[in-house]
Amino acid sequence: GVLGGLVSLRDAAPAAVPAAKPKLRLNVRRLRDRRRLRLSLGGFDRRYAKNVEYKAGKKRLGRSAKSPFRVVARTRSRSIRAFVTMTDGRRFVVSS
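For clarity, every value in this text was computed on a predicted model and none was experimentally measured.

Trainee: Can you explain the pairing of strand β9 (residues 91-95)? Please cite residues and give values.
Mentor: Every second residue of β9 is oriented toward a common face, the buried set being Phe92 and Val94 and the non-buried set Arg91, Val93 and Ser95. Bridging between strand β8 (residues 81-86) and β9 involves five bridges; their strand directions are antiparallel. Among the inter-strand pairings, Val84 is bridged to a residue of β9, identified as Phe92. Connecting β8 to the antiparallel partner β9 that follows it, the hairpin turn spans four residues, and Gly89 within it adopts a positive phi of roughly 95°.

Trainee: Talk me through the nonpolar core; I want residue IDs and the actual numbers.
Mentor: In this structure, Leu41, Val52, Tyr54, Leu61, Ala82 and Val84 are the most contacted members of the largest nonpolar core, which totals 19 residues. Elements that contribute at least two residues to this core include exactly β4 (36-42), β5 (49-56), β7 (71-74), β8 and β9. Broken down by element, the residue count for this core peaks at four residues, all from β5. Not counting the four nearest positions on each side in its chain, Val84 is found in contact with Leu24, Leu41, Ala49, Asn51, Val52, Arg90, Arg91, Phe92 and Val94.

Calculation criteria
Residues numbered from 1 in each chain as written. Predicted model: local features only at pLDDT ≥ 70, side-chain atom pairs only at ≥ 80, totals over all residues. Heavy atoms only, no water. Buried < 20%, exposed > 50% of the residue type's maximum accessible area, 1.4 Å probe, protein only. Helix = DSSP H or I, 4+ residues; strand = E, 2+ residues; numbered from the N terminus. Pairing = 2+ DSSP bridges. Core = buried A, V, L, I, M, F, W, Y, C linked by side-chain atoms within 4.5 Å. Contact = heavy atoms within 4.5 Å.

So this is what it looks like as C-alpha cells:
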C-alpha cells in the first residue's frame, strides 16, 4: 500500500518475461509416387497455432489454417520451412 506518498517495492509490477519458444516440429513424408510430399505440423504447442505457410526457398508450397495443418506439395527442394502464426499473433519459423 501507499503510506505518505511512498510506494513499496513489492507493489511494483514484475518485469515482463518473454514467452518461451513453442515446441513445434515440421513433419515431412514422401508419398508413394515419389514426387509429392505431405507436410504437417507437429509438437506439443500445435494447439496454439493459427495457420501455417510452407515454403521451399521463395516458392510457396501451400498454406493451411486447420489442424494438423497438412499440405501435399511437389518440390525437389531439400530444405522446407514452415512459417507458423500463433493465436497470440507471434510468428515462428520451423525448418526441416
